[in-house]
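Observations on the model geometry
What follows is the residue order along each chain.
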Amino acid sequence: MTPEHASELTAKVCALAPVIPVLVVEDAAHAADLARALVKGGLPALEVTLRTPSALDVIREMARVEGGVVGAGTLLTPKDVEAAKEAGAAFGVCPGATDRILDACEANDLPLLPAAATTSEVLRLYERGYTVQKFFPAEVNGGVPALKAIGAPIPQVKFCPTGGVSLQNAPDYLALPNTLCVGGSWVAPGAMVASGDWDGITRLAAEAARLTR
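Report follows, based on the coordinates. (Residues numbered from 1 in each chain as written. Predicted model: local features only at pLDDT ≥ 70, side-chain atom pairs only at ≥ 80, totals over all residues. Heavy atoms only, no water.)

**Looking at the overall build of the protein chain**
- When you go through the protein chain residue by residue, the secondary structure sums to 10 helices and nine strands.
- At 16 Å, the protein chain has a C-alpha radius of gyration in line with the 17 Å of a compact globule built from 213 residues.
- Dimensions of the protein chain, computed from the C-alpha atoms along their principal axes, are close to 45 × 35 × 25 Å.
- Relative to its 213 residues, the protein chain shows a buried fraction of 52%.
- By sequence separation, contacts in the protein chain at least 24 residues apart represent 60% of the contacts at least 6 residues apart.
- Only carbon and sulfur atoms are counted for the fraction: they give 54% of the accessible area of the protein chain, which is about 9,000 Å².
- Across the protein chain, the 17 positively charged side chains and the 23 negatively charged ones have centroids separated by 3 Å. (Helix = DSSP H or I, 4+ residues; strand = E, 2+ residues; numbered from the N terminus. Rg over C-alpha atoms; globule rule 2.2 N^0.38 Å. Buried < 20%, exposed > 50% of the residue type's maximum accessible area, 1.4 Å probe, protein only. Contact = heavy atoms within 4.5 Å. Areas by Shrake-Rupley, 256 points an atom, 1.4 Å probe, with all protein chains shown as cover. Lys, Arg positive; Asp, Glu negative; His and termini not counted. Charge placed at Lys NZ, Arg CZ, Asp CG, Glu CD.)

Set out below in structure tokens:
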């Protein structure tokens, strides 16, 4: 897969809803219900971070949920890429970008949303062909003003800002012309997942899905 094709596909994922839930799921038994709750609320693109031992099983379960588009986040090594692809991930997300990760995603036909935090990192990915990127960690790297400033000289690159994004500040990011969507964990709080409050999560998802771009 070429970087250009990968960005075409990740742009389609970002277009599905204004928010991509960033999920840390401890128990795979919760996976299908969580995915259904988020999809029902209007958030079909789901990023399952590889931060728990059950993450790959979570991806497998969520990939079976109708209407969901499940990706693997926190890809750190080529092995992560291969495992995510095998588990059924439709896209990948990385907290940065290294040649090894980029090579692995391209070789395994896994559309990647690579992360950048500086203009030099954005340009390096753009040179390779990635026109859709993750701005991470967004808030500690200057937030909305920083992303707006990056967009002035590099309007060709569009972003999914993630990291410190909330219901309160998401509209400010979404108002930028270089923001396609945002990533956030607030739509699936750990306590609500643990207690199985799927109706509550659906309400949070619906609130997020109503954000305008």
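That covers the picture; the talk isn't over yet.
**Considering the pairing of strand β3 (residues 69-73)**
- Burial analysis of β3 places four of its five residues in the buried class, the great majority of the element.
- As paired strands, strand β2 (residues 45-49) and β3 are joined by five bridges and run parallel to one another. Looking at β3, one finds that alanine 45 is bridged to valine 69.
- Regarding the hand of the β-α-β motif, the stretch spanning β2, helix α3 (residues 55-62) and β3 is right-handed.
- Bridge analysis of β3 against strand β4 (residues 91-93) gives two bridges, and the strand direction is parallel. Along β4, the bridge assignment pairs glycine 71 with phenylalanine 91. (Pairing = 2+ DSSP bridges. Right-handed = clockwise from strand over helix to strand, strands pointing away.)

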